[in-house]
Amino acid sequence: MVGLAAGVVIYLMTVILPNVPKIDAVLDYQPKIPLRVYTADNHLIGEFGVERRDFVTIDKIPTRMKQALLAIEDAHFYQHQGIDWRGAARAVIANLREGFGAGGASTITMQVARNFFLSKEKVLSRKLTEIALAYRIEDALTKDQILELYMNQIFLGNRSYGFSSAARSYFGKSLDQLTLAETAMLAGLPQNPSRHNPIANPKRAQQRQHAVLKRLYELGQIGEPEYRQALAEPLRIRRTGQVFDTRADYVAELARQAVFAQFGEEAYERGIVVTTTILKAEQDAAYESVRRNVLDYDQRHGYRGPEARIELPQDPLEREEAIIDALQKRPQSDGLTPAVVLAASPQQVRVELLSGDEVRIEGAGLKFAARGLAANARENLRIAPGAVVRVTQRKEKDKDSWAIVQVPQVAAAFVAIDADTGAYHALVGGFDYNLQKFNHVTQAWRQPGSAIKPFVYAAGLDKGYSPGTRILDEPLDMPGENAGETWSPQNDDGVFDGPITMRYSLAHSKNVTTVRLIRALGVDYTHEYLGRFGFDLPRHPKNLTLALGTGAVTPLQMAGAYAAFANGGYRVKPYLIAQIRDGNGTILQENKPQQRQDSDRVIDARTAFVTDSMLRDVTRYGTGAASVKQLGRTDIAGKTGTTSDAIDGWFAGYGGRVVAVAWMGYDEPRSLGGREFGATLALPIWIDYMRAALAKVPPQEAQIEPEGVVRENDDWVFEEFVERPDLRAIDIDPGLDNPPVEVDPVTGEPLTPPPQPAAPAAPAAPATPQPPPPPPSTVF
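To start, this report covers the structure provided alongside it. (Residues numbered from 1 in each chain as written. Predicted model: local features only at pLDDT ≥ 70, side-chain atom pairs only at ≥ 80, totals over all residues. Heavy atoms only, no water.)

1. Considering the overall build of the protein chain
For clarity, the cut-off: Strands here mean DSSP runs of E at least two residues long; helices mean DSSP runs of H or I at least four residues long; both are numbered from the N terminus. Classification of residues uses two cut-offs on accessible area relative to the type maximum, computed with a 1.4 Å probe and protein chains only: under 20% is buried, over 50% is exposed, and between them is partly exposed. Contacts are assigned to residue pairs with any non-hydrogen atoms lying within 4.5 Å of each other. Areas reported as accessible are Shrake-Rupley estimates using a 1.4 Å probe. Residue values count occlusion only from the protein chains shown.
If you tally the helices and strands in the protein chain, you get 25 helices and 25 strands. Residues classed as buried in the protein chain amount to 51% of the 780 residues present. Here the contacts in the protein chain between residues at least 6 apart in sequence split such that 70% fall between residues at least 24 apart. Total accessible area on the protein chain stands at roughly 36,800 Å², and carbon and sulfur atoms take up 51% of it.

Below, the structure is given as structure tokens:
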């Protein structure tokens, strides 16, 4: 026996102790804290890292959480010196009886040693090393320091490290918000977090929870009423993954890319905190507006049929497995839940969800998909048992009901920035980040259609034309302009109004008059002028189709460009990140709004002022009039845009010092529909956002009249061009009596009919019948 003891001592001194690791990693603990992204008003919108972890100091961890953990893991933690020899004796007996590894008796200190330095291999040498490390740790740290390390480092399943992270992951709460039952559930996780957490195995998790509660009761740390109440409390486990304070996935990804480019892989471990310029209320409004209006468009264009079909086996277990397998393959989308049809008729559809719940859909909930329930439904539309569909829960008359819907195929984007600083207020890069990561705000190059026209008209102002300049709105044939063929641009409705003013032309988005304006300005001049606003000139044609917006822009480019009209003529550089801090709170980078410099000016203050006045008329009586009527504000300005065949729909504009751009279209370009325009596609998104964003912002005063503009014929003219009658008309024969049509400033309708020519002395020869104008090449 003495020889055995001597052998153990020699083994410890010569083999174990010389190889015991240094405990520097414990003394200088650097937890791997993920990258987190916040809004400007401190709402979490993104988290990136292999480990989800919140480091919480021991004094901030609730007493009940510490009690529950120690009760089940190490009740004598504050009494022993790293080794609980009574527990160890029980473990030795179990190991001798059942083989090494049958009993553990690891204290909190020993678990810290194992988690930081050792594997979980159950061999004697590792256990002895663990004991030696535990003593070293106890000598170097206080009990509270050891417990703090453990409670922040331990893996608790579902990618969660530490109890604070686990509380958010499983319950969506902070530690101080947990109930006793929830606290006990978390305290039971360390034994086997991967297999026994409440998501992976609810039954085993509940057994461990009950064991924790019983131990707390036996130790006298909770009374019997608390004990019974906690046992009976139903737990609501969050199964949908991490939920953030607002839906800003595209914003968070942009921030992640920027930080990763600067810090590499360290970005995911240093606890870096990114504060963006995004505002939660405005981001919420933008997200909800895009979702709602895309779904409205999708509903207008009909049901396309089930997403997939599966065979439903007769055997209940096989059927359940088939349903689960089919639904797990369908990506989740907020509010659009995948389901498998179990039974279907025109009166009722019964479906099963991934949760196993069955849902009945009746009445109005079947209206959208009625074609798929008809007896003569086409095969691709037919809703029958085995069909995989989408359903959504709605609130109707104080009760929940279900409806059949579908995932839209159309894409959309929205961005809002501060008109003066360029700081983002909101960004939605697509209908659903889970379905498509492509960010249409920054990456989608699309034709802007008539949304480009304000920049053409601004170019005209700088050349001496004025809002009162008359342009002939009559058919225009240009031989050789269409690849050698004659090009005849058309207005959106085929209607020509004769001589009209530039102001009226922009308000009603006239194509032919805009083409005539570019002809007068020169294509090269107009093309170069666009570059002032940040447009990528190689993406824009050097021909007259520039008037119709046949180039390519991103929604972000459009927002930055329109800001110059809103802020008096200055270029702004949109920026997203306000501040980057490390895990210690040290500021690594900070972006503050810059004071405007003369070098930032891209257009004359007069040009911005007069263009702004014209854009306000677009929303008062032109193609964007719905915006003023619905918002009830006088400081709204903007422009619709719809490209040929309604492939892209836009609205770009501003109000209350916020510039916003909305877009809708298909990723694989195709028509959005013969009755769809920028005013039906993008403007509703813009209005819904602005209604929320400007709710507490009083209407802004009109821009202050700058020096160098004067009134002539009740409109603005640059002072140096007052004596230039040659700039008062384009393509109008000066010998003709073509006075400008006076219009009501609110409705845009003529106040008096234009003068009629005198009747001829003799009947004129009958005019040659003219064919109807061809379909418009660009609509608005």
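2. Digging into empty space enclosed by the protein
Summary: where empty space remains is shown by rolling a probe the size of a single water molecule over the atoms. The condition that has to hold: Buriedness of a pocket was judged along seven lines, with at least five required to meet protein on both sides within 12 Å; pockets are open sets of points on a 1 Å grid over the protein atoms alone, cavities are sets where a 1.4 Å probe fits but cannot get out, and lining residues have an atom within 4 Å of a point. Grid points are joined across faces, edges and corners, and a volume is the space filled by probe spheres set on the points. Residue polarity is assigned by list, with Asp, Glu, Lys and Arg as charged and Ala, Val, Leu, Ile, Met, Phe, Trp, Tyr, Cys and Pro as nonpolar; anything else, Gly included, falls into the polar class.
Counting across every chain of the model gives 3 cavities of 30 Å³ or more. If you add up the space inside the largest cavity, you get close to 60 Å³. In terms of lining residues, the largest cavity is bounded by R247, A248, D249, Y250, Q283, Y287, L427, V428, G430, F431, D432 and Y433. Counting residues per element, the ones that place at least two in the lining of the largest cavity are α12 (249-263), α13 (280-300) and β13 (424-428). Across the lining of the largest cavity, the residue classes break down as 7 nonpolar, 2 polar and 3 charged.

3. Regarding unusual backbone geometry
Notably, N42 is not glycine yet its phi reads approximately 70°, a positive angle. Here N42 lies in the loop between β1 (35-38) and β2 (44-48). Overall, N42 belongs to the exposed group, its relative accessible area being 59%.

4. Thoughts on helix α25 (residues 683-693)
Of all 11 residues in α25, 8 are buried, a share of seventy percent or more. Within α25, burial applies to L683, I685, W686, I687, D688, Y689, M690 and A693.

5. Quick notes on the environment of V717
Position of V717 relative to the elements: it lies in strand β24 (residues 715-718). Distance in space between the C-alpha atoms of V717 and Y465 is 7.7 Å, their sequence separation being 252 residues. When neighbours within four sequence positions are excluded, V717 is seen to be in contact with S466, G708, V709, V710, E712, V722 and R728.

6. Description of helix α7 (residues 143-153)
A large share of α7 lies buried, amounting to 9 of its 11 residues. Looking only at α7, the buried set comprises K143, I146, L147, E148, L149, Y150, M151, N152 and Q153.

7. Observations regarding the sheet that holds strand β25 (residues 729-730)
Strands belonging to one sheet form pairs held by backbone hydrogen bonds; the direction of such a pair is parallel or antiparallel. To be explicit about the condition: Any two strands with at least two DSSP-identified bridges between them are counted as paired. Under this scheme, a helix contributes an axis fitted over its contacting stretch, all axes are lines through C-alpha atoms, and angles between N-to-C directions fall in the 0 to 180 degree range.
Pairing is mixed across the open sheet formed by 3 strands, whose spatial order is β17-β14-β25. Each edge of the open sheet carries a strand with a single partner, namely β17 (498-501) and β25. Pairing between strand β14 (residues 470-473) and β17: 4 bridges, direction antiparallel. Across the sheet, the residue bridging to D473 is G498, located in β17. Sheet strands touched by helix α19 (residues 511-521): β14, β17 and β25. Its angle to β14, the strand with the most contacts, is close to 125°.

8. Focus on the pairing of β1
Covered by surrounding structure in β1 are L35 and V37 together with R36 and Y38, the residues of both alternating faces. Across 4 bridges, the pairing between β1 and β2 is antiparallel. Residue pairing across strands places V37 opposite G46, the latter belonging to β2. The hairpin formed by β1 and β2 contains 5 residues between the paired strands, and N42 there has a positive phi angle of roughly 70°. Bridge count between β1 and strand β5 (residues 273-276): 3 bridges; the pairing is parallel. In the strand pairing of β5, V37 is matched with V274.

9. Examining the sheet that holds strand β18 (residues 577-581)
Strand order across the open sheet formed by 5 strands is β2-β1-β5-β18-β19, with mixed pairing between neighbours. Each edge of the sheet is formed by a strand with only one pairing partner; in this case those strands are β2 and β19 (587-590). The mean angle between the axes of side-by-side strands here comes to 15°, regardless of whether they run parallel or antiparallel. Strand contacts of α12: β1, β2, β5, β18 and β19, with the helix running at about 45° to β2, the strand carrying the most contacts.

10. Section: the environment of P193
For P193, the location among the structural elements is in the loop between α9 (180-187) and α10 (202-218). Spatially, the C-alpha atoms of P193 and F155 are 7.0 Å apart, while their sequence positions differ by 38 residues. If we skip the residues at most four places from it in the chain, P193 touches F155, L156 and G157.

11. Quick word on the packing of aromatic side chains
Put simply, the test is: Only the six-membered ring of Trp is used, alongside the rings of Phe and Tyr, when aromatic pairs are assigned; centres must lie within 6.5 Å, and planes under 30 degrees apart are stacked while those over 60 apart are edge-to-face, with the rest tilted. In our convention, an over-ring charge means Lys NZ or Arg CZ found within 6 Å of a ring centre and within 35 degrees of that ring's normal.
On inspection of all chains with the given rule, the structure shows 19 aromatic pairs. When the centroid spacing of 5.5 Å and the interplanar angle of 75° are considered together, the rings of Y303 and F368 count as edge-to-face. With Y303 in the loop between α13 and β6 (308-309) and F368 in the loop between β9 (358-362) and α15 (370-373), this pair connects stretches of sequence that are 65 residues apart. Considered together, Y303 and F368 belong to a single accessibility category, that of buried residues. Here the aromatic rings of Y525 and Y529 are separated by 5.8 Å at their centres, their planes lie at 45°, and the arrangement is tilted. Taken together, the positions of Y525 and Y529, both in helix α20 (residues 523-530) and 4 residues apart, correspond to about one turn of that helix. Among the residues examined, Y525 registers a relative accessible area of 22% and is labelled partly exposed. Joined through ring pairs, the aromatic side chains of F455, Y525, Y529, F533, F535, Y562 and F565 make up one cluster. For K463, the ring lying beneath its charged end belongs to Y525, and the centroid distance is 4.6 Å.

12. Some points on the side chain of R208
Positionally, R208 belongs in helix α10. Residue classification places R208 among the buried positions, given a relative accessible area of 13%. With residues near it in sequence (within four places) discarded, R208 still touches I72, E73, G188 and Q191.

13. Focus on the packing of α10 against helix α11 (residues 224-232)
The line we're drawing: Oblique is the label for every angle not falling under 35 degrees (roughly parallel), over 145 degrees (roughly antiparallel), or within 65 to 115 degrees (roughly perpendicular).
Their axes nearest at 10 Å, the elements α10 and α11 cross at an angle of 175°. In terms of axis orientation, α10 runs roughly antiparallel to α11. On α11, the residues touching Q209, H210, L213, K214 and Y217 of α10 are E224, Y227, A230 and L231. Across the contact of α10 with α11, the residue classes break down as 5 nonpolar, 2 polar and 2 charged.

14. Notes on the pattern of salt bridges
Here the idea is simple: oppositely charged side chains can pair when their charged atoms come close. Selection rule: Definition used for salt bridges: Asp or Glu carboxyl oxygen within 4 Å of a side-chain nitrogen of Lys or Arg.
A full pass over the atoms with the stated rule returns 44 salt bridges. D731 is the salt-bridge partner of R519, the closest N and O atoms lying 2.8 Å from each other. Of this pair, R519 sits in helix α19 while D731 is found in the segment after β25, placing the two residues 212 residues apart along the sequence. Taking the relative accessible area as the measure of exposure, R519 reaches 39% and is therefore partly exposed. Assessed through its relative accessible area of 35%, D731 is described here as partly exposed. Of the charged contacts in the structure, one is a salt bridge between R724 and D726, with a shortest N-O distance of 2.9 Å. On the basis of relative accessible area, R724 is assigned to the partly exposed category, the value being 34%.

15. Describing the side chain of D635
What counts, and what does not: N or O atoms within 3.5 Å of each other form a polar contact, as long as, within protein, one can give a hydrogen and the other can take it, and as long as residues adjacent in sequence are counted only when both atoms are side-chain atoms.
Summarising the element assignment, D635 is placed in the loop between α23 (625-631) and β20 (637-642). Within the local environment of D635, its side chain forms a polar contact with the side chain of R633, the two groups lying 2.9 Å apart. At a separation of 2.9 Å, a polar atom in the side chain of D635 contacts the main-chain amide nitrogen of Q700.

16. Quick notes on the packing of helix α17 (residues 453-462) against α20
For the record, the criterion: By convention, the crossing between two helices is left-handed when the near helix turns anticlockwise from the far helix through less than a right angle, and right-handed when the turn is clockwise.
Relative to each other, α17 and α20 sit at 115°, their axes nearing to 10 Å. With respect to their mutual orientation, α17 and α20 come out roughly perpendicular. Considering the relative orientation of α17 and α20, their crossing is right-handed. Of α20, the residues touching α17 (which contributes F455, V456, A458, A459 and D462) are Y525, T526, Y529 and L530. Class assignment of the residues belonging to the contact of α17 with α20 gives a composition of 7 nonpolar, 1 polar and 1 charged.

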